[in-house]
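Chain residues, written in single-letter form:
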Amino acid sequence: MSNQYFGGQTGQPGSNGQFPGQMPPPPEVNQFSGQMPPQLAQKRNKPMALLAMMVVAALVVIGGGAYAITRVLFPSGGYSTPDDLAASIETAVETNSLMSLANALPPSEVSISTAAQQVDEGDGQFNWSKMTSPEALGDYINEIDDGITSIDSAVDQKSDSVAIITLRNWRGTMSVRSGIVDVVREHFVEAKGTNLSAFEQDLFERMRETFMHDDFYADMLADFRDSGLRLVAVNEGGRWYVSPLMTMVEQTLGSDRRAAPRYDADFTDVEGASSPEEAVSGMVDALRNGASMSDKDFYRFLDLPERRIAAVYADADSSSLFAVWNLGMNEFRNNVQIDWGLSSTKVSGGAIVSVGTTSITADDYSASFNGDTVTYTVPKSDRGSRSSSKKSQTVRFTEGLVNPERLGIFTVRDSTGWHVSAARTYGNLTMLKVTDGVLDQAIDGGAGEFLDYYDTDMSRDEIREIISLRGEAGIIVIAWNFMKNSD
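Residues numbered from 1 in each chain as written. Predicted model: local features only at pLDDT ≥ 70, side-chain atom pairs only at ≥ 80, totals over all residues. Heavy atoms only, no water.

J.: Looking at this structure, how should I read the packing of aromatic side chains?
T.: The description of an aromatic ring pair rests on the distance of the ring centres and on the angle between the ring planes. Tallied over the entire structure, the rule returns four aromatic pairs. A ring pair is formed by Phe188 and Phe204, whose centres lie 5.7 Å apart and whose planes are at 65 degrees; its orientation type is edge-to-face. Of the two residues, Phe188 is situated in helix 7 (residues 179-192) and Phe204 in helix 8 (residues 198-209); the sequence distance between them amounts to 16 residues. On the basis of relative accessibility, which here comes to 0%, the residue Phe188 falls in the buried class. Here Phe204 falls in the buried class, since its relative accessible area comes to 1%. A ring pair is formed by Tyr263 and Tyr313, whose centres lie 6.4 Å apart and whose planes are at 85 degrees; its orientation type is edge-to-face. (Phe/Tyr/Trp six-rings, centres within 6.5 Å; stacked < 30°, edge-to-face > 60°. Helix = DSSP H or I, 4+ residues; strand = E, 2+ residues; numbered from the N terminus. Buried < 20%, exposed > 50% of the residue type's maximum accessible area, 1.4 Å probe, protein only.)

J.: I keep staring at the confidence of the model for the chain and nothing clicks. Help me out?
T.: Here the chain shows a mean pLDDT of 76. Residues at 70 or above account for 70%. Within the chain, strand 15 (residues 417-420) carries the highest mean pLDDT (97), whereas helix 1 (residues 46-60) carries the lowest (46). Every residue in residues 1-64 is under pLDDT 50, and counting partners more than four places away or in other chains gives 180 contacts. pLDDT under 50 marks residues 116-122. Its contacts with residues more than four places away, or in other chains, come to 12 contacts. (pLDDT = per-residue confidence, 0-100. Contact = heavy atoms within 4.5 Å.)

J.: I'm lost on the sheet that holds strand 8 (residues 343-347) in this one. Help?
T.: Hydrogen bonding along the main chain pairs the strands of a sheet, whether they run parallel or antiparallel. Judged by pairing direction, the sheet is antiparallel, and its four strands sit side by side in the order 8-9-14-15 without closing on themselves. Each of the sheet's edge strands pairs with one partner strand only, and the pair in question is strand 8 and strand 15. Between one strand axis and the next, the sheet turns through 35 degrees on average, direction left out of account. Sheet topology note: the strand 14 (residues 409-414)/strand 15 ladder contains four bridges and is antiparallel. Across the sheet, Asp414 pairs through a bridge with Gly417, a residue of strand 15. Contacting strand 9 (350-354), strand 14 and strand 15, helix 14 (residues 422-430) runs over the sheet at an angle of about 135 degrees to strand 14. (Pairing = 2+ DSSP bridges. Axes fitted to C-alpha atoms, helices over the stretch in contact; angles between N-to-C directions.)

See the structure below:
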């Protein structure tokens, strides 16, 4: 129940009309006014599961604005026990007081969201806070009609820091009015600051079609594994919260796991780094020295939300990517040498670590950084085979960036020291701005690659708009800097 966007930063809607970081468009729902649908008429399909996920997202992934309001009304935040937290979820569902559960979000994860509010609203970027303000969230929820009568919860406390709250028997009806499309579009235009393009208008019209066909539901969790939804609760500062990030991983893993999650892992008693630079180099060196992501030697350098995930779930990953990761790590440990020369820049909320004068060598390949340039050496190829000679190329990879100082790894500091924040790093990279015209040059110059990645039927203007709204302009321009200088 999280996404790849920075703390709620909203990008271009996808092919299904969903805005990254927002509640997904609901499936078709038919509510019989004033009555419950007959139980035998339940429909077991994917939309049911999607609806349940949408509702849970509304419950536990309320935006930073709503969280801020509840912190004023309920300064303590969180709950004293996992059972109290579970009871509050039942009450919120049965009384249709979804906004009250903003109080159940862990401060460490909310801080990722609120950090994005520091972006200047006048800098021409998409202002995500307009999409996730308390007013906007209230507008979305007002378009949801529910006749939920009951929900059951069970608590399984795994350790002093982690508990699993399983929701079952979600009995009731729910419908989402088609007017939600107009509400979302209104806030989207406000956040964008300009009128919708023809492409965006078409996406909203397709989004509206979601509500043209009706259906109805009884037990909205029936399609989930074991007919239940597992929420991960965490103890943070002596209070219990629902972790959207860990819940997402818990649901993604399902029953196909290499090993049981390490719910009892110690991710609180850690020693961070003494500097932003050490947080980055220490994390990488831990892997080079044989640590896995589930080892404290590695995850102690991560910010708390990601540290919890690495400590609990790293060994449980059963995907094919895990095997690829292991092969890559073996190559990395055996062949890669790094001469660190990192530098950092203090920014609001932490520090950004850049490559500085770092040099990296891997077999016959090498890269030497010097601020905003890199000189890399690779073996020459001779009719498809690698020759013994080498060639070097120097590239100013920040060319075309307005704020190159934001290019790097985002680190944060707490009472234990400095830590790397992957979520803030991604969000920080979406804040990279480019000079006028340089993105068009990148799209034109790398037409084949960029068009294949997006859609060959899109115009350059449509591709540019999608790239800009997704916050990918800086990364695309950096990639083009290497492409245009390659032999």
